[in-house]
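# Summary of structural features
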Amino acid sequence: MATPERTPRWDEQLQRRLARGEETALGELYDQLAPMVHGLAGRILADQAAATQLTREVFAHVWEHPEDFDPARGSLRSWLGALTHHRAVERLRARRAADRGPGAEAEIRAVATAARMQYVVDSLPQPLRETIAVTYYDGRTYHETARLLGISEQIAKQRMRLGLELLATELAEERARQDGAGDGIGHGDGET
């Protein structure tokens, strides 16, 4: 049975352009996603110079190996986030290898998990992200959040519950990755 042609997603089109060596595609990708990559790297490494260097390395990898991204497995944003996370955790491990104490690995995992959760929060739709920020980060009640956002208390609760469910799912997946195959990102980046 023939399937109708579909229009390729932005990230699929971009990958094709990168594979053809179009420098403008790399510029477009960088303009769109460099802030996310740099922010995630900065949260994990707690060093802006190292985050800037890692951002350059991630985009160099994409330029040199556009075939590593598999659009069937997720979005380009998600893949870049996973690639950045993986490389930043490896960099953090290498940096802390010299002063490895009994709690060093647990500290690395805690930092990496916190950064991953912040990435997930940042990736949530704006209404969910806003509700979590006002309720959780600002320490407000549902009633206060509803009033501040101009929504009902019930909507505030629903948004908070959905946002927290998405975070819990991501946290469970993160734990499974840590318990299973380590910090590999499973998107064909050639590293584990």
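So, how was this worked out
- Residues numbered from 1 in each chain as written.
- Predicted model: local features only at pLDDT ≥ 70, side-chain atom pairs only at ≥ 80, totals over all residues.
- Heavy atoms only, no water.
- Helix = DSSP H or I, 4+ residues; strand = E, 2+ residues; numbered from the N terminus.
- Buried < 20%, exposed > 50% of the residue type's maximum accessible area, 1.4 Å probe, protein only.
- Contact = heavy atoms within 4.5 Å.
- Areas by Shrake-Rupley, 256 points an atom, 1.4 Å probe, with all protein chains shown as cover.
- Lys, Arg positive; Asp, Glu negative; His and termini not counted.
- Salt bridge = Lys/Arg side-chain N within 4 Å of Asp/Glu carboxyl O.
- Polar contact = N/O pair within 3.5 Å; in protein donor to acceptor, adjacent residues only side chain to side chain.
- Axes fitted to C-alpha atoms, helices over the stretch in contact; angles between N-to-C directions.
- Parallel < 35°, antiparallel > 145°, perpendicular 65-115°, else oblique.
- Left-handed = near helix turned anticlockwise from the far one by under 90°.
- Nonpolar A, V, L, I, M, F, W, Y, C, P; charged D, E, K, R; others polar.

Looking at an unreviewed UniProt entry, one finds the chain named Sigma-70 family RNA polymerase sigma factor, with Kitasatospora xanthocidica as its source organism.

## Here we look at the overall build of the chain
Across its full length, the chain carries eight helices and zero strands. Starting at the N terminus, the α and β elements of the chain follow one another as α-α-α-α-α-α-α-α. Relative to its 192 residues, the chain shows a buried fraction of 39%. Within the chain, residue pairs in contact and separated by at least 24 positions form 65% of the contacts whose partners lie at least 6 positions apart. Carbon and sulfur atoms make up 53% of the accessible area of the chain, which totals about 10,600 Å².

## Overview of the environment of Leu-33
Along the chain, Leu-33 falls in helix H2 (residues 23–45). Apart from the residues within four sequence positions on either side, Leu-33 is in contact with Trp-10, Phe-59, Leu-76, Arg-77 and Leu-80.

## Considering unusual backbone geometry
Positive phi is not limited to glycine here, since Ala-46 has a value of about 50°. Owing to a relative accessible area of 70%, Ala-46 belongs among the exposed residues under this scheme.

## Digging into the side chain of Asp-68
Among the structural elements, Asp-68 can be located in the loop between helix H3 (48–64) and helix H4 (76–96). The buried charged residue Asp-68 lacks any salt bridge partner; its closest oppositely charged side chain belongs to Arg-87, at an N-O distance of 6.8 Å. Polar side-chain contacts of Asp-68 include one of 2.9 Å to the side chain of His-61.

## Regarding the packing of H2 against helix H5 (residues 104–123)
How two helices pack is summed up by the angle between their axes together with the distance between the axes. Running from N to C, H2 and H5 cross one another at 150°; their axes reach a closest spacing of 8 Å. When the axes of H2 and H5 are compared, the pair comes out roughly antiparallel. In the packing of H2 onto H5, the handedness of the crossing is right-handed. In contact with Met-36, Leu-40, Arg-43 and Ile-44 of H2, H5 contributes Val-111, Ala-112, Ala-115, Arg-116, Gln-118, Tyr-119 and Asp-122. Broken down by class, the residue content of the contact of H2 with H5 amounts to seven nonpolar, one polar and three charged.

## A short note on the pattern of salt bridges
In this structure the tally under the stated criterion is nine salt bridges. Glu-28 serves as the salt-bridge partner of Arg-17, at 2.8 Å between the closest nitrogen and oxygen. Highlighted residues: Arg-17 in helix H1 (residues 10–19) and Glu-28 in helix H2, separated in sequence by 11 residues. It is possible to trace a salt-bridge network through shared partners that takes in Arg-17, Arg-20, Glu-22 and Glu-28.

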